[in-house]
Amino acid sequence: LGGVTTALANYIQTRAQKNVTAERASLIYAMDPVYGAVFARFFLGETLGPLGIGGAGLITVAAATNAFLDLGKKVEEEKDDKETKGTDEE
């Protein structure tokens, strides 16, 4: 049963990933452990210890920082600008 649900989840994930950018998909994947902990709390009544809460906080801060700063886009834009300037000079 576990194999079937894992396969189904991966299939749905693969189909849905076509509709989002790579950056957004990476944020969703990075937050997966946090989602798992939240769902385990609500559906199973499990609790996290201090290290678990700290880890979830670090993951959330890292994902939020990535989303708001969007550093990868700036690097790509600088690279494109350099390439454009190089071709204009020729």
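The written sequence of each chain sets the order in which its residues are numbered from 1. In view of the model being predicted, local features appear only for residues whose pLDDT reaches at least 70, and side-chain atom pairs are presented and counted only at 80 or more, with totals across whole chains, interfaces and linings using the full set of residues. Note: side-chain values were computed over all heavy atoms of the structure, leaving out hydrogens and water.

A.B. asks: How do you make sense of the overall build of the chain when you look at a structure like this?
C.D. replies: For the purposes of this entry, the term helix denotes a DSSP run of H or I that reaches at least four residues, the term strand denotes a run of E that reaches at least two, and both are numbered from the N terminus. Helices and strands together make up the secondary structure of the chain, namely five helices and zero strands. Reading the helices (α) and strands (β) of the chain from amino to carboxyl end gives α-α-α-α-α. Expressed as a percentage of the 90 residues in the chain, the buried residues total 7%. The rule is simple: take the accessible area with a 1.4 Å probe, protein chains only, and divide by the maximum for that residue type; under 20% is buried, over 50% is exposed, in between is partly exposed.

A.B. asks: What am I meant to see in helix 3 (residues 32–44) here?
C.D. replies: With 13 residues, helix 3 should cover 18 Å at 1.5 Å per step; its first-to-last C-alpha distance of 17 Å lies within 8% of that length. Two residues or fewer after helix 3 comes Gly45, characterised by a positive phi angle close to 75°. Given the number of residues in a helix, its expected span is that number minus one, multiplied by 1.5 Å.

A.B. asks: Any chance you could explain the packing of aromatic side chains here in plain terms?
C.D. replies: Between two aromatic rings, the relevant description is the distance of the centres plus the angle of the planes. For this analysis, a ring pair means two rings from Phe, Tyr or Trp (six-membered ring only for Trp) whose centres lie within 6.5 Å, classed as stacked if their planes differ by under 30 degrees, edge-to-face if by over 60, and tilted for the remaining angles. Evaluated as defined, the whole model comprises one aromatic pair. A ring pair is formed by Phe39 and Phe43, whose centres lie 5.9 Å apart and whose planes are at 25°; its orientation type is stacked. Placement of both Phe39 and Phe43 in helix 3 is noted, with a separation of four residues, approximately one turn of the helix. Assessed through its relative accessible area of 66%, Phe43 is described here as exposed.

A.B. asks: Whenever I open this one, the confidence of the model for the chain confuses me. Can you help?
C.D. replies: The predicted coordinates should not be examined in detail at positions where pLDDT is low. Confidence in the prediction for the chain averages 79 pLDDT; 77% of positions are at 70 or higher. Known as pLDDT, the predictor's confidence for each residue is given on a scale from 0 to 100. At the low end of the mean pLDDT range in the chain sits helix 5 (residues 71–88), at 62; at the high end sits helix 3, at 88.

A.B. asks: Can you walk me through the packing of helix 2 (residues 22–30) against helix 3 in this structure?
C.D. replies: Orientation is described by axes fitted as lines to C-alpha atoms, over the contacting stretch for helices, and by angles from 0 to 180 degrees between their N-to-C directions. Two elements in contact, helix 2 and helix 3, have axes whose closest approach is 4 Å; the angle formed by their N-to-C orientations is 45°. One way to sum up the angle between helix 2 and helix 3 is to call them oblique. Note on element contacts: helix 3 touches helix 2 through Asp32, Pro33 and Tyr35, opposite Ile28, Tyr29 and Ala30. Ten residues, namely Ala, Val, Leu, Ile, Met, Phe, Trp, Tyr, Cys and Pro, are considered nonpolar, four, namely Asp, Glu, Lys and Arg, are considered charged, and the remaining ones, Gly among them, are considered polar. Looking at the contact of helix 2 with helix 3 residue by residue, the class counts come to five nonpolar, no polar and one charged. Throughout, the term roughly parallel applies to angles under 35 degrees, roughly antiparallel to angles over 145, roughly perpendicular to angles from 65 to 115, and oblique to all others. We call two residues contacting when some pair of their heavy atoms lies within 4.5 Å.

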